[in-house]
Amino acid sequence: MFKSFESLRKDASGVAAIEMAFIMPFLLFLYFGLIDLTAMISLNRKVTYAASAVADLVTQNTTTVVAGDIADYYKAAELVMKPTPIENVRIEIYQYRKVSGTITNQWSHESASGSDCGAPDTAGMDDLMTDGNDLVVAVVCTTYAPYVATFLGKSILGATSFTMNEQIALRPRQSTTLDCSGCS
């Protein structure tokens, strides 16, 4: 009826089940963590490329860009961001002009979707500009909610979603200044 301690110590049945119970949670965490890591890297590359594409398209205009054309550039960014829904992505374009050593924002344009990216980082902008020269800054941001955060929440990761933000600054190609018709 009862096994002796010596026979229990030598009994190997069920060892694999116990080992699996210890190892399986770690393997699942590792598996879903790697899925999240690769998805975050992929999304970060898409955000960077979308910002670069929008800035490049805007700076190719001669002296004036039209707000309707900028809306088309947002569609190009939407194609870059696929399969991420564009409703979760915010695109903002700012134009800065340096006059007598002072840099001011002349116009800006934002997509209707996504949450506000915030003002672009203007540190170092003075080094990129000369008097009478413009600089176009495209900012793209979105949020990513990892699968692991669904299970572990804030306690392990520190947050349940992460903001991905990229800013690209380019000079106009065809002229030193670039105005916008229909922008704020």
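Relevant structure appears above.
Calculation rules
Residues numbered from 1 in each chain as written. Predicted model: local features only at pLDDT ≥ 70, side-chain atom pairs only at ≥ 80, totals over all residues. Heavy atoms only, no water. Helix = DSSP H or I, 4+ residues; strand = E, 2+ residues; numbered from the N terminus. Buried < 20%, exposed > 50% of the residue type's maximum accessible area, 1.4 Å probe, protein only. Contact = heavy atoms within 4.5 Å. Disulfide = S-S within 2.5 Å. Core = buried A, V, L, I, M, F, W, Y, C linked by side-chain atoms within 4.5 Å. Salt bridge = Lys/Arg side-chain N within 4 Å of Asp/Glu carboxyl O.

As for the overall build of the protein chain
Each helix and strand counted, the protein chain has 6 helices and 6 strands in total. Burial status across the protein chain gives 34% buried among its 184 residues. Within the protein chain, contacts between residues at least 6 apart in sequence are counted, and of these 73% link residues at least 24 apart.

Some details on the state of the cysteines
Enumeration over the complete set of coordinates arrives at 2 disulfides. In this model, Cys117 is linked to Cys141 through a disulfide, with the two sulfur atoms separated by 1.9 Å. Judged by the sign of its S-S torsion, about -90°, the bond between Cys117 and Cys141 is left-handed. One end of the pair, Cys117, is in the loop between β3 (102-110) and α4 (125-128); the other, Cys141, is in strand β4 (residues 134-144), and 24 residues separate them in sequence. Residue classification places Cys117 among the buried residues on the basis of a relative accessible area of 14%. The exposure class assigned to Cys141 is buried, which follows from its relative accessible area of 5%. Across the protein chain, the way the bonded cysteines pair up, counted in sequence order, is 1-2, 3-4.

Some remarks on the nonpolar core
One finds Val54, Val58, Ile70, Ile91, Ile93, Trp107 and Val140 to be the most contacted residues of the largest nonpolar core, which totals 29 residues. The set of elements that each furnish at least two residues to this core consists of α2 (15-59), α3 (67-81), β2 (89-99), β4 and β5 (162-170). Residues within four places of Ile93 in sequence aside, it is in contact with Val54, Val58, Ile70, Tyr74, Trp107, Ser108, His109, Val136 and Val137.

Some points on the pattern of salt bridges
One pass over the structure, following the stated rule, counts 7 salt bridges. Taking the shortest distance from any N to any O, the salt bridge between Glu92 and Arg90 comes out at 3.2 Å. The class of Arg90 is buried, set by a relative accessible area of 13%. For Lys98, the salt bridge identified is with Asp126, shortest N-O distance 2.5 Å. Within this pair, whereas Lys98 is found in strand β2, its partner Asp126 is found in helix α4, the two being separated by 28 residues in sequence.

None of this, on its own, says anything about what the molecule does.
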